[in-house]
Amino acid sequence: MKLAFIPVPVMIAASAIVATRCLEFILLFDAMGFSGLMSFIEVSAESWLNCFILLASLLIVLIECRAAYAMMRARIWGRRAFIGCQVIVVGYMLLASFEWFGPRIFRFDVDTQGEFLTALLVQKIPDIVVLLLLFVPASSRRYFAKRK
């Protein structure tokens, strides 16, 4: 199937997914430094659950990047995969932040649901904008509707 064009909102959204994920790694390395990053990996490898969550988070980043590429090729499953990843991430952050589940990595240090919602909203603004770009503009809807 030859694609005539990719709508600008879809192109921006897919590029933003990859760019924000790469930027997150760069900012993490800048904030923690090499020794801090190595310490983080060592702590994550202390238990099977921490190791599983770290590997799952890396897998989610890879799935999101692959979904971004699929969206550029008008694959509907790319949008669904991105939404699924967001649901998993938000669900885990909710469970971990209120200590309903497992380890203390990838969580917000909050006491109330209001603080959690504020921290989550600030953290997820780029992803919300990406979702809006994929679903709201008419050109994005037509782009994916033609490829069903």
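This text goes with the structure placed above it.
To keep things clear, this report deals only with the structure shown in the data block. (Residues numbered from 1 in each chain as written. Predicted model: local features only at pLDDT ≥ 70, side-chain atom pairs only at ≥ 80, totals over all residues. Heavy atoms only, no water.)

### Details of the overall build of the protein
Broken down by element type, the protein carries five helices and zero strands. Going from N to C terminus, the protein has its helices and strands arranged as α-α-α-α-α. Expressed along its principal axes, the backbone C-alpha trace of the protein runs to roughly 50 × 35 × 25 Å. The proportion of buried residues among the 148 residues of the protein is 34%. Across the protein, contacts joining residues at least 24 apart in sequence account for 62% of those joining residues at least 6 apart. Accessible surface for the protein amounts to roughly 9,300 Å². Of this, 71% is attributable to carbon and sulfur atoms. Across the protein, the centroid of the 15 positively charged side chains sits 26 Å from that of the 10 negatively charged ones. (Helix = DSSP H or I, 4+ residues; strand = E, 2+ residues; numbered from the N terminus. Buried < 20%, exposed > 50% of the residue type's maximum accessible area, 1.4 Å probe, protein only. Contact = heavy atoms within 4.5 Å. Areas by Shrake-Rupley, 256 points an atom, 1.4 Å probe, with all protein chains shown as cover. Lys, Arg positive; Asp, Glu negative; His and termini not counted. Charge placed at Lys NZ, Arg CZ, Asp CG, Glu CD.)

### With respect to the nonpolar core
Counting residues in each nonpolar core, the largest one holds 15 residues, and the members touching the most others are I17, M71, V130, L134 and F144. Those elements that provide at least two residues to this core are α1 (8-44), α2 (48-72), α3 (76-97), α4 (113-135) and α5 (138-145). Looking at which element gives the most residues to this core, the answer is α1, with four residues. Every residue in contact with F144, bar those within four places of it in the chain, is listed here: V10, M71, A74, R75, I76, R79 and L134. (Core = buried A, V, L, I, M, F, W, Y, C linked by side-chain atoms within 4.5 Å.)

### A word on the side chain of S97
Counting through the fold element by element, S97 comes out in helix α3. Its relative accessible area of 2% is what places S97 among the buried residues. Here the side chain of S97 touches M93 through a polar contact of 2.7 Å, landing on its backbone oxygen. Polar contacts involving the side chain of S97 include one to the main-chain amide nitrogen of F108, which spans 2.9 Å. Sequence-distant contacts of S97, that is, excluding residues within four places in its chain, are made with R107, F108, V110 and F116. (Polar contact = N/O pair within 3.5 Å; in protein donor to acceptor, adjacent residues only side chain to side chain.)

### Observations concerning α3
Since the α-helix packs 3.6 residues into each turn, any two residues three or four apart lie on the same face. Helix length check: α3 (22 residues) gives 32 Å between terminal C-alpha atoms against 32 Å at 1.5 Å per residue, within 8%. Of all the positions in α3, only I76, G78, R79, A81, F82, C85, Q86, V89, Y92, M93, A96 and S97 are classed as buried. Contacts made by the buried residues of α3 are with α1, α2, α4 and α5. Phi turns positive one or two residues past the end of α3, at E99, with a value near 55 degrees. (Expected span 1.5 Å × (residues − 1).)

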